[in-house]
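# Inside the fold
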Amino acid sequence: MDISNGSVLITGGAGGFGGATARRLAKLGAKVVLADVADDRGNALASEIGNGATYVRTDIMDEASIAQAVETAVALAPLRAAIVAHGGPPPPGKGGRTIDREGNRVGMAHFNHFLSVFLSSAYCVSSIAAEAMAKNEPLASNQRGVIINTASIAGFEGQPGQVPYGAAKGGIIAMALNLARDLAPMGIRSMAIAPGTFLTFAYDRMGTEKAQETFGPLVLNPKRMGDPDEYAMLAQQVVENDFLNGTTIRVDGGQRF
Ligand SMILES: NC(=O)c1ccc[n+]([C@@H]2O[C@H](COP(=O)([O-])OP(=O)(O)OC[C@H]3O[C@@H](n4cnc5c(N)ncnc54)[C@H](O)[C@@H]3O)[C@@H](O)[C@H]2O)c1
């Protein structure tokens, strides 16, 4: 799909995956809207990118805030792509294995938090973006837009202690085809990307060196963490290639547990 005259909404647009994808899609001519809560990083990135790139403070826990971000993108140009790549606030309560050593279970507030941050919010962004895209004039092959959600390899192979996160990301994987089927009559595609372990801002607290030492050796080949631009390359391909639809693509250096 040609997005050169369109806009692109990116949740987590100031983040690792979101920022790298914004840089690439802006180079294709699209006006990118960075929807995030990181005001300084978001504004700095929007100025760096130029070409009408806009940062809009958006809380993915709030439906009205998401709707506002979509409206911002639509006001710039027809919304052609929505990339869902946000993190979220820290969870309440204690996480870990479903039943811990003392025999206590992970509670509902903790579990539901992950579903809200990673799954309900993704449906919210996807559905509001699709509503806007459905009003677009179609491009070649009757295409109006594309939605990319970010899953995780944890949605296929959750590790001990990851039940809430794995369940949320498994939901993203399930939604990819379901959304594609629902939105096909409008010429809107839906895909998900399942990243392995990438060095993004999510690892800031651990530190780059420690993160590479810990996670790099777990990757089959190359023996390092992913670079966010390796996610963005795939996102760009999904946007440009109209025949990619209804599935989840892993980008993980062959990592399996
Ligand atoms: N980095 C990895 O190894 C990895 C692997 C698999 C999946 N993922 C997924 O990729 C997505 C993006 O993660 P990332 O690694 O780029 O992290 P990141 O920390 O670099 O970016 C996440 C962005 O989300 C923003 N954010 C936080 N709370 C928000 C809120 N309430 N509303 C809007 N934005 C908010 C942050 O400010 C940040 O800019 C997440 O869904 C994560 O689960 C990451």
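Residues numbered from 1 in each chain as written. Predicted model: local features only at pLDDT ≥ 70, side-chain atom pairs only at ≥ 80, totals over all residues. Heavy atoms only, no water.

As annotated in an unreviewed UniProt entry, the protein chain carries the name SDR family NAD(P)-dependent oxidoreductase and comes from Novosphingobium anseongense.

Across its full length, the protein chain carries seven helices and seven strands. Secondary structure elements of the protein chain occur, N-terminal to C-terminal, as β-α-β-α-β-α-β-α-β-α-β-α-α-β. In terms of its C-alpha atoms, the protein chain occupies a principal-axis envelope of roughly 60 × 35 × 35 Å. In the protein chain, which comprises 257 residues, the share counted as buried stands at 49%. By element, 53% of the accessible surface of the protein chain is carried by carbon and sulfur atoms, the whole surface being about 12000 Å². Put simply, the protein chain has 22 plus and 24 minus side-chain charges, and the middle of one group is 5 Å from the middle of the other. (Helix = DSSP H or I, 4+ residues; strand = E, 2+ residues; numbered from the N terminus. Buried < 20%, exposed > 50% of the residue type's maximum accessible area, 1.4 Å probe, protein only. Areas by Shrake-Rupley, 256 points an atom, 1.4 Å probe, with all protein chains shown as cover. Lys, Arg positive; Asp, Glu negative; His and termini not counted. Charge placed at Lys NZ, Arg CZ, Asp CG, Glu CD.)

Let us look at the sheet that holds strand E3 (residues 54-57). Taken in spatial order, the seven strands make up an open sheet running E3-E2-E1-E4-E5-E6-E7, and their pairing is parallel. Edge positions in the sheet fall to E3 and strand E7 (248-251), since each of these pairs with one other strand and no more. The sheet shows a mean angle of 20 degrees between the axes of neighbouring strands, direction not considered. Note that strand E1 (residues 7-11) and strand E4 (residues 79-84) share five bridges and pair parallel. (Pairing = 2+ DSSP bridges. Axes fitted to C-alpha atoms, helices over the stretch in contact; angles between N-to-C directions.)

Looking now at the packing of aromatic side chains. Applying the stated criterion to the full structure yields five aromatic pairs. With centroids separated by 5.1 Å and ring planes inclined at 80 degrees, the aromatic side chains of Phe17 and Phe198 adopt a geometry described as edge-to-face. With Phe17 in helix H1 (residues 16-27) and Phe198 in the loop between strand E6 (188-195) and helix H6 (208-215), this pair connects stretches of sequence that are 181 residues apart. Accessibility expressed as a relative area gives 14% for Phe17, which makes it buried. The exposure class assigned to Phe198 is buried, which follows from its relative accessible area of 5%. Here the aromatic residues Phe17, Phe198 and Tyr231 are joined through ring pairs into a cluster of three or more. (Phe/Tyr/Trp six-rings, centres within 6.5 Å; stacked < 30°, edge-to-face > 60°.)

What follows concerns the nonpolar core. Counting 36 residues, the largest nonpolar core has Leu9, Leu79, Met133, Ile147 and Ile172 as the members making the most contacts within it. Contributions of two or more residues to this core are made by strand E2 (31-36), helix H3 (63-76), E4, helix H4 (108-133), helix H5 (163-183) and E6. If you tally residues by element for this core, the top one is H4, at twelve residues. Setting aside anything within four residues of it in sequence, one finds Ile147 in contact with Ala82, Ser126, Ala130, Met133, Leu183, Ile188, Arg189, Ser190 and Met191. Counting 31 residues, the second largest nonpolar core, distinct from the first, contains Val32, Ile49, Ala53 and Leu234. (Core = buried A, V, L, I, M, F, W, Y, C linked by side-chain atoms within 4.5 Å. Contact = heavy atoms within 4.5 Å.)

This part covers the pattern of salt bridges. On inspection of all chains with the given rule, the structure shows nine salt bridges. In this structure, the salt-bridge partner of Lys94 is Asp100, at a minimum N-O distance of 3.2 Å. Glu157 serves as the salt-bridge partner of Arg250, at 2.9 Å between the closest nitrogen and oxygen. A residue pair is termed long-range when its members are at least 10 positions apart, and Arg250 in strand E7 and Glu157 in the loop between strand E5 (145-150) and H5 qualify at 93 residues. When salt bridges that share partners are traced, they join Glu157, Arg250, Asp252 and Arg256 into one network. (Salt bridge = Lys/Arg side-chain N within 4 Å of Asp/Glu carboxyl O.)

With that out of the way, let us pick up the side chain of Gln143. The residue Gln143 is located in the loop between H4 and E5 in this model. At 3.1 Å, the side chain of Gln143 and the backbone oxygen of Ser141 are in polar contact. Setting aside residues up to four positions removed in sequence, Gln143 forms contacts with Met1, Arg80, Glu137, Pro138, Gly187, Arg189 and Asp242. (Polar contact = N/O pair within 3.5 Å; in protein donor to acceptor, adjacent residues only side chain to side chain.)

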